[in-house]
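Letter by letter, the chains look like this.
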Amino acid sequence: MPSLTSLAPAGPTAPPSRTTTTARRLIAICGTLLAALLCALSVGASSASAHAALTSTDPADGSVVKTAPREVTLNFSEGVLLSGDSVRVLDPKGKRVDTGKTAHVGGKSSTAAAGLQSGLPDGTYTVAWKAVSEDSHPVSGAFTFSIGAPSKTTAKVPAGEASDSTVSTLYGIGRYAAYGGFAALVGGSVFAGLCRSSRPVRKIAVGGWATVFTATLLLLLLRGPYTDGEGIGGILDLGRLGDVLSTKPGAALLSRLLLLGAAAVFLAVLFGSYTRRTGEREADARRRQDLAFGLGFGGTVMAVGLSATWAMAEHASVGLQRQLAMPVDMIHLIAVGVWLGGLASLAVTLRAGEPIGRAAVRRFSRLAFGSVVALVVTGLYQSWRQVGSWGALTDTEYGRWLLVKVGLVAVLLGIAAISRRWTGRLTDVTADPAEETDAAEETDAEAETESASEAAPAASEADATAEAEAGAGTKAAVKAAQPVRTGAADAAVDTPADAETESGDGAGSDDAADDPERAAQLARQRAAKDRTATLRERDADRERSGLRRSVIAETIVAVVLLAVATVLSGTQPGRAETEQASASATKPGGQLNVDPVSVLIPYNTGPKSGRGKAVVMIEPALPGDNALHVFTTDLADRPVDVPEVKLSLTLKSKGIGPVRIPLERLSTGHWSAKTVQLPMAGTWQLSLTVRTSDIDQVTETRNVKVAQ
């Protein structure tokens, strides 16, 4: 059975205090980075609310229509999932005036329409909408339009994010945990099957399975409150699970849970039957060969199926070339799992001092290289598909996060190059690779035996004696491979536990035989002694110590990289954000996303019929082209016509004006000027003249602010 004793070069033993200090520093760095990535996840959760962007509406936002429309139509940058109340239309008093049915227009998933009740009066109406984009993220918003003339409105709509902040944060952490668990499960299984199986590797793979299962179950329970914008209490409403499972993201989460059930059987075979020994060498070899084929096929199906549950519900499932993007995304996820999960497995194997030969390390190095190649190829395609242009790399949030990810990958590759150099320096004493493989297999079997013996603390004296003999054999091998130490050096290695163990002959051994607790104590002391010897032997191997440190550094960077990838998957792609900005720039009337300026001007020309109100609206109230509307009403807010309306604008601080605005009558009480040139920002004086008869007229002035 090979051990690190036979792999250690001659030389002094590394001080344990130095190793402990280094480990503590690495743990502190990892904890700091984990705290940073949780903050990043909280920031990324808010950006997930802008995936399917609202590109246009009919009626347009802020527009004034002559007659009441029959329905309100919304257009999005990508497909959305709708519910019965996805679009709500509220009148000026806040009363709902839509028919309560929301549907796609002409079967297009990127549209939504809600019918309106007939006979709607004039005034300003508020449209509140919410939906779930095809890549599983909730979106919401509101806009207004007016019938006849604008009016005051008391309608109130929820402000802020589409989801509750606590639910969004938990959902983001759950998504990160699911990604990390998948990587640990896939990477640990591949490492155990192709490189080296041991108890630490088993913990990585099984821990990954438990993490992804728990995270998926949490995501399934949070899905309803997350999309409906409710608080954490909504998780207790199990009745909404039926609605969640009827959606594409819900079906993907349920499929993942079912696949994880099959993955549990796979892990039981991989770390159970596959490593069991019957004592018949040829029969064991044939059985392992048969199991290896089944495990390879089953593991591939499991990895492909699990990766598909992400690809079918996130960015790859929407946008251009989705038939190609989904399999590319699956390859990308599996490559991430093999590389990062394998790194974690190698790190814990080296950290625990488990025997691992040069051939196994090089085998993983080739696997990691192949995974990196797959990641680069698929990552380039995904970047082109999601970003679309060089400018979007710096002008969009997605592009900036992508640059951070590329930087972390570059750092990871640099550390990986150092690890490959350490791998090339590894040397094995074992001459025959077949003997090394057989010995490694025996080590796996002994690891299983050790786990069973730990469950029974009161071991028999015969077992304890056998362990002591094995420890003595190991010590002999160490002494054969290292310079002879004498005097104080030998005394420094011995511990009180050693002395007590060596004095276990005679009366001490008789007492242990009579006292099971004493026997168990001696067994624990011997185990601690062997553990200390193993760590000393591990630290004495310069090449493996260097490889261990570089692999741990790779793992820490990989943890942060995985967090950035999670944030990326919850951020609106740069291509979609750029297209949304382009669509907004081509809207009639310029930048309609800016709130228009509206001024209410009461007027009184003298007679009773000469009293009324005028509303002047300038949009977008920015330098350049603007649209101007004037609405005249009586004191009861009913539209009325007057013989003449004149309007001018003056910027006194710059000596500009008065600029007279020619108005065109559009309907009863509605005058408009489609193109009004305002040369610069500032506080302009608006002069409005209203003539109600041949001799009765009045001029009122107000100040309006034109933004920069």
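Description of the structure in this document. Just so we're clear, the structure is a prediction, and the values are computed from it rather than from any experiment.

Quick look at the overall build of the protein
Thought 1: Broken down by element type, the protein carries 19 helices and 18 strands.
Thought 2: Within the protein, the fraction of its 708 residues that count as buried is 45%.
Thought 3: Considering only intrachain contacts with a sequence separation of at least 6, the fraction spanning at least 24 residues in the protein is 71%.
Thought 4: Surface accessibility of the protein: about 34,000 Å² in total, with carbon and sulfur atoms responsible for 59%.

Some thoughts on the nonpolar core
Thought 1: Within the largest apolar cluster, 65 residues are counted, with the highest numbers of intra-cluster contacts made by Trp339 and Leu340.
Thought 2: With 13 residues, the single largest contributor to this core is helix α18 (residues 542-569).
Thought 3: Contact partners of Trp339, with chain neighbours within four places excluded, come to Phe364, Ala368, Ser371, Val372, Leu375, Leu412, Leu413 and Glu554.
Thought 4: Residues Val599, Ile618, Val642 and Ala673 belong to the second largest nonpolar core, which totals 27 residues.

Quick notes on the environment of Ser389
Thought 1: Within the secondary structure layout, Ser389 lies in the loop between α9 (358-387) and α10 (392-395).
Thought 2: The class of Ser389 is partly exposed, set by a relative accessible area of 37%.
Thought 3: Put simply, Ser389 and Gly399 are ten residues apart on the chain and 9.6 Å apart in space, counted from C-alpha to C-alpha.

Side note on empty space enclosed by the protein
Thought 1: If you walk through the whole model with that rule in mind, you get five cavities of 30 Å³ or more.
Thought 2: Its boundaries defined by the atoms lining it, the largest cavity holds a volume of some 150 Å³.
Thought 3: For the largest cavity, the lining is made up of 14 residues, of which Ser136, Tyr171, Leu253, Arg256 and Glu314 are closest to its centre.
Thought 4: Breaking the lining of the largest cavity down by element, the ones donating at least two residues are α3 (165-194), α4 (199-228), α6 (248-270) and α7 (281-311).

Describing unusual backbone geometry
Thought 1: The omega angle of the peptide bond from Asp58 to Pro59 is 0°, so this bond is cis rather than trans.
Thought 2: Looking at the secondary structure, you find Pro59 in the loop between β1 (54-58) and β2 (64-65).
Thought 3: Omega for the peptide link from Glu619 to Pro620 comes to 5°, which places this bond in the cis form.
Thought 4: In this structure, Ala621 takes a positive phi of about 60° despite not being glycine.
Thought 5: Tracing the chain through its elements places Ala621 in the loop between β11 (611-619) and β12 (624-633).

What about the sheet that holds β12?
Thought 1: Strand order in the open sheet made by the five strands is β10-β11-β12-β16-β15, with antiparallel pairing throughout. Looking along the sheet, the strands with just one partner apiece sit at the ends: β10 (597-604) and β15 (664-667). Taken pair by pair, the neighbouring strands of this sheet meet at an average axis angle of 25°, ignoring direction.
Thought 2: As paired strands, β15 and strand β16 (residues 670-678) are joined by three bridges and run antiparallel to one another. Bridge pairing in β16 places Glu664 opposite Ser672.

A closer look at a nonpolar patch on the surface
Thought 1: Taken together, Leu245, Leu254 and Leu258 make up a surface patch of nonpolar side chains, about 260 Å² in accessible area.
Thought 2: The topology assignment puts Leu254 in helix α6.
Thought 3: For Leu254, a relative accessible area of 34% gives the class partly exposed.

Quick word on the packing of aromatic side chains
Thought 1: The final tally for this structure, using the stated rule, is eight aromatic pairs.
Thought 2: The interplanar angle of 5° and the centroid separation of 4.0 Å between the aromatic rings of Tyr171 and Tyr226 together place this pair among those described as stacked. In this pair, Tyr171 sits in helix α3 while Tyr226 sits in helix α4, placing the two residues 55 residues apart along the sequence.
Thought 3: Its relative accessible area of 4% is what places Tyr226 among the buried residues.
Thought 4: For the pair Trp209 and Phe213, a centre-to-centre distance of 5.3 Å together with 10° between the ring planes defines the contact as stacked. Within this pair, Trp209 and its partner Phe213 are both found in helix α4, separated by four residues, close to a single helical turn.
Thought 5: With a relative accessible area of 29%, Phe213 lands in the partly exposed category.
Thought 6: Between Arg256 and the ring centre of Trp310, over which it is positioned, the NZ or CZ distance is 3.8 Å.

Examining the pattern of salt bridges
Should the charged atoms of two oppositely charged side chains come close, the side chains can pair.
Thought 1: Within this structure, the stated rule accounts for seven salt bridges.
Thought 2: Note that Arg96 is salt-bridged to Asp98, the shortest N-O span being 2.8 Å.
Thought 3: Glu644 is the partner of Arg691 in a salt bridge, and the nearest nitrogen-oxygen pair spans 3.0 Å. Here Arg691, found in strand β17 (residues 682-691), pairs with Glu644, found in strand β13 (residues 644-651); they are 47 residues apart in sequence, far enough to count as distant.
Thought 4: For Arg691, a relative accessible area of 19% puts it in the buried group.

Each value, and the rule that gives it
- Residues numbered from 1 in each chain as written.
- Predicted model: local features only at pLDDT ≥ 70, side-chain atom pairs only at ≥ 80, totals over all residues.
- Heavy atoms only, no water.
- Helix = DSSP H or I, 4+ residues; strand = E, 2+ residues; numbered from the N terminus.
- Buried < 20%, exposed > 50% of the residue type's maximum accessible area, 1.4 Å probe, protein only.
- Contact = heavy atoms within 4.5 Å.
- Areas by Shrake-Rupley, 256 points an atom, 1.4 Å probe, with all protein chains shown as cover.
- Core = buried A, V, L, I, M, F, W, Y, C linked by side-chain atoms within 4.5 Å.
- 1 Å grid on protein atoms, 1.4 Å probe; cavity = no way out; pocket = protein on both sides within 12 Å on 5 of 7 lines; lining within 4 Å.
- Points joined across faces, edges and corners; volume = space filled by probe spheres on them.
- Pairing = 2+ DSSP bridges.
- Axes fitted to C-alpha atoms, helices over the stretch in contact; angles between N-to-C directions.
- Patch = residues over 30% accessible without salt bridge, like charges linked within 9 Å, V, L, I, M, F, W, Y side chains within 5 Å.
- Salt bridge = Lys/Arg side-chain N within 4 Å of Asp/Glu carboxyl O.
- Phe/Tyr/Trp six-rings, centres within 6.5 Å; stacked < 30°, edge-to-face > 60°.
- Lys NZ or Arg CZ within 6 Å of the ring centre and 35° of its normal.

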